[in-house]
Amino acid sequence: MSSLQDSSHPYADLTPDCVIDALCSTGLWPDGRLTALSSYENRVYLAHQDDGDKVVAKFYRPGRWSLAQIEEEHAFSQELAGKEIPVVAPLVLQGKTVHEHAGFLFSVSPWRGGRRPELDDWEVLEWTGRFLARIHTEGSARPFAHRPTLDLRSFGFESMNYLLEHDMVALEVRKRWEQACEQALHLIAPAADGLSQAGHFGLQSASHIRLHGDCHPGNILWTPLDDEGRGGPHFVDLDDARMGPAVQDLWMLLSGERAQQTQQLSALLEGYEQFRAFDRRELALIEPLRTLRLIHYSAWLARRWQDPIFAINFPWFGTADYWRSQVDMLHEQIAAIQQEPLYA
């Protein structure tokens, strides 16, 4: 694994001075104070301004998204914000939301505080469900033209093939991992009757809409209600926005045993269906989507391994123990895909 690391990683030239100069190029006046925020895919900084305001500057990983794809994400977030849906959209500076400096594409957004939502609270889940329904109502109005679709090919087979072709899987585990991976993907694949090979509603049959795409609890910030009733959830980081089934933005908010997940799902849909109908057949996609994310996550780590921040933060990746745990999780997912779907 160490042989894949390279000092000439994409962010080698993104120094603090470069970040300050980039902000100045948009007409802002940073006072020099920068705080690196948690992000692996991009580089994100909290910057203080001379006037006391704070902004968040996001420098996109070179080569990941095209300019058209980033602009499409920004247009979607601004569309949502224009409907008073609590999404943190990038600022329009000098007539645009995407800027370029020293070879980096970047954006600037207002700083918004908050904490992770309490997802064991029924009211919080219901509230979150209402806003997700409103996001999806806008998301269904028209498709993305440039952003990709969450599908079996890109998240499943391409991820598996990348890991195998680049010899990322520990040799002593490789055969077992490949067999488990192939079995899981076979169960998700479409059958002749339009269902999946596991006999449930298939990913290929779902309606695809514009999604947040990575709606885990870390991308929802919660603020307490103030005296004027303002507060609650707001959604951040639409960097993974793409086309896909609506349930993709719901399942990552579920945790715990099956009974607990059923209760959480019921609360989310209680709020969701106040604003938008939900196709209950998509509940059969939860475990397939969880499986695709599991495989895609390993491939994501492998594709980013030349960036030193990954070796620092994920030192266990690539070890035999890591791949053994992946085999175990794939076997759990194979069993889960064949069970009756969650209901609510």
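Note on numbering: residues in each chain are counted from 1, in written sequence order. pLDDT decides what is reported in this predicted model: residues at 70 or higher carry local features, side-chain atom pairs at 80 or more are listed and counted, and totals for whole chains, interfaces and linings draw on all residues regardless. With hydrogens and water set aside, each side-chain value is computed from the structure's full complement of heavy atoms.

Student: Any chance you could explain the overall build of the protein chain here in plain terms?
Tutor: Within the protein chain, the regular secondary structure consists of 10 helices and 9 strands. In summary, the protein chain has a C-alpha radius of gyration of 21 Å against a globular reference of 20 Å for 344 residues, a match within 12%. Once the C-alpha set of the protein chain is aligned to its principal axes, its extents read approximately 60 × 55 × 35 Å. Expressed as a percentage of the 344 residues in the protein chain, the buried residues total 51%. Two residues form a contact once any of their heavy atoms are found within 4.5 Å. A separation of at least 24 residues holds for 71% of the contacts in the protein chain among residues at least 6 apart in sequence. Residue-level accessible areas treat just the shown protein chains as cover; the underlying method is Shrake-Rupley with a 1.4 Å probe. For the protein chain, the accessible surface area stands at approximately 15900 Å², while carbon and sulfur atoms represent 50% of it. Secondary structure elements are defined from DSSP: runs of H or I of at least 4 residues count as helices, runs of E of at least 2 residues count as strands, and each element is numbered from the N terminus. Every radius of gyration here is taken over C-alpha atoms, with the globule rule written as 2.2 Å times N^0.38, N being the number of residues. Only protein chains enter the area calculation, which uses a 1.4 Å probe; residues under 20% of their type maximum are buried, those over 50% are exposed, and those in between are partly exposed.

Student: Even after reading the chapter, I still don't get the side chain of His136, so can you show me in this structure?
Tutor: Take His136: it is sitting in helix α3 (residues 122-139). On the accessibility criterion, His136 (0% relative accessible area) is buried. With residues up to four places along the chain from it excluded, the contact list for His136 reads Ile209, Arg210, Leu211, Ala246, Asp249, Tyr272 and Arg276.

Student: Explain the packing of helix α2 (residues 67-82) against α3 here, please?
Tutor: For any two helices packed against each other, one specifies the inter-axial angle together with the distance between the axes. Here, axes are lines fitted to C-alpha atoms. For helices the fit covers the stretch in contact, and angles between N-to-C directions go from 0 to 180 degrees. Taken N-terminus to C-terminus, the directions of α2 and α3 make an angle of 120°; their axes are 10 Å apart at the nearest point. Judged by the angle between their axes, α2 and α3 are oblique. For the pair α2 and α3, the sense of crossing is right-handed. Contacts from Phe76, Glu79 and Leu80 of α2 reach α3 at Ile135, Glu138 and Gly139. Note on angle classes: values under 35 degrees are labelled roughly parallel, values over 145 roughly antiparallel, values of 65 to 115 roughly perpendicular, and the remainder oblique. The hand of a helix crossing depends on one turn: near helix anticlockwise from the far one by less than a right angle means left-handed, and clockwise means right-handed.

Student: When you look at the packing of aromatic side chains in this model, what are you seeing that I'm missing?
Tutor: Given two aromatic rings, one states the distance between the centres and the angle between the planes to describe the pair. Whether two aromatic rings pair depends on their centres lying within 6.5 Å, for rings of Phe, Tyr and Trp, where Trp uses its six-membered ring; planes under 30 degrees apart make the pair stacked, over 60 edge-to-face, and the rest tilted. As enumerated under the stated definition, the model contains 20 aromatic pairs in all. Both rings, one in Tyr45 and one in Phe59, keep their centres 6.2 Å apart while their planes meet at 75°; by these two values the pair is edge-to-face. Taken together, the residues Tyr45 in strand β2 (residues 43-49) and Phe59 in strand β3 (residues 54-59) connect sequence positions 14 residues apart. Residue classification places Phe59 among the buried residues on the basis of a relative accessible area of 0%. With centroids separated by 5.4 Å and ring planes inclined at 50°, the aromatic side chains of Trp305 and Phe317 adopt a geometry described as tilted.

Student: Can you walk me through unusual backbone geometry in this structure?
Tutor: Among all residues save glycine, negative phi is the norm, and among peptide bonds the norm is trans. A positive phi angle, close to 60°, is found at Glu84, a residue other than glycine. Relative to the elements of secondary structure, Glu84 occurs in the loop between α2 and β4 (99-101). What makes Glu84 exposed here is its relative accessible area of 69%.

Student: What exactly am I supposed to notice about the pattern of salt bridges here?
Tutor: Side chains that differ in sign of charge can pair as their charged atoms come close. Criterion for a salt bridge: a side-chain nitrogen of Lys or Arg within 4 Å of a carboxyl oxygen of Asp or Glu. A complete count under the given rule lists 23 salt bridges for this structure. A salt bridge links Arg304 to Glu41, with the nearest nitrogen and oxygen atoms 2.7 Å apart. Here Arg304, found in the loop between α8 (286-303) and α9 (308-313), pairs with Glu41, found in the loop between β1 (30-37) and β2; they are 263 residues apart in sequence, far enough to count as distant. With a closest N to O distance of 3.9 Å, Arg115 and Glu118 form a salt bridge. A relative accessible area of 40% means that Arg115 is categorised as partly exposed. Given a relative accessible area of 42%, Glu118 falls into the partly exposed group. Overlapping salt bridges bring together Glu41, Arg43, Arg61, Arg64, Asp239, Asp240, Arg242, Arg304 and Asp307 as one network.

Student: Help me understand the nonpolar core, please; the structure alone is not making it clear to me.
Tutor: Across soluble globular proteins, nonpolar side chains show a tendency to be buried alongside one another. Remark: nonpolar core denotes a set of buried residues (Ala, Val, Leu, Ile, Met, Phe, Trp, Tyr, Cys) joined through side-chain atoms within 4.5 Å. Of all hydrophobic cores here, the largest spans 81 residues; its most connected members are Trp177, Phe317 and Trp323. Per-element tally for this core: the top contributor is α8, with 9 residues. Core analysis: the next-biggest nonpolar cluster, separate from the first, contains 16 residues, Tyr11, Ala22, Val55 and Phe59 among them.

Student: Would you take a moment to explain the sheet that holds strand β5 (residues 104-110) for this structure?
Tutor: Remark on secondary structure: sheet strands pair via backbone hydrogen bonds, oriented parallel or antiparallel. With antiparallel pairing, the 5 strands of this open sheet are ordered in space as β1-β2-β3-β5-β4. Each edge of the sheet is formed by a strand with only one pairing partner; in this case those strands are β1 and β4. The mean angle between the axes of side-by-side strands here comes to 35°, regardless of whether they run parallel or antiparallel. Two strands form a pair only when DSSP identifies at least two bridges running between them. Direction of pairing for β4 relative to β5: antiparallel, over a ladder of 3 bridges. In the strand pairing of β5, His99 is matched with Phe106. Running at roughly 120° to β1, helix α1 (residues 16-25) makes contact with β1, β2, β3, β4 and β5 of the sheet.

Student: Hey, could you run me through the packing of helix α5 (residues 171-188) against helix α10 (residues 320-338) in this one?
Tutor: The N-to-C vectors of α5 and α10 enclose an angle of 25°; their axes lie 9 Å apart at closest approach. Here α5 lies roughly parallel to α10, going by the angle between them. Along this stretch, α5 crosses α10, giving a crossing that reads as left-handed. In this structure, α5 uses Glu172, Val173, Arg176, Trp177, Ala180, Cys181, Gln183, Ala184, Leu187 and Ile188 to contact α10, whose residues at the interface are Ala320, Trp323, Arg324, Gln326, Val327, Leu330, His331, Ile334, Ile337 and Gln338. Three classes are used, and their members are as follows: Ala, Val, Leu, Ile, Met, Phe, Trp, Tyr, Cys and Pro are nonpolar, Asp, Glu, Lys and Arg are charged, and the others, Gly among them, are polar. A per-class count over the contact of α5 with α10 returns 13 nonpolar, 4 polar and 3 charged.

Student: In this structure, what is going on with the side chain of Glu138? I would like to understand it.
Tutor: Mapped onto the elements, Glu138 comes out in helix α3. This buried residue, Glu138, is left without a salt bridge; Lys83 holds the nearest opposite charge, at 4.2 Å. Ignoring any residue separated from it by four or fewer positions in sequence, one finds Glu138 in contact with Glu79, Leu80, Lys83, Ile85 and Arg210. The charge count treats Lys and Arg as positive and Asp and Glu as negative. His and the chain ends do not count.

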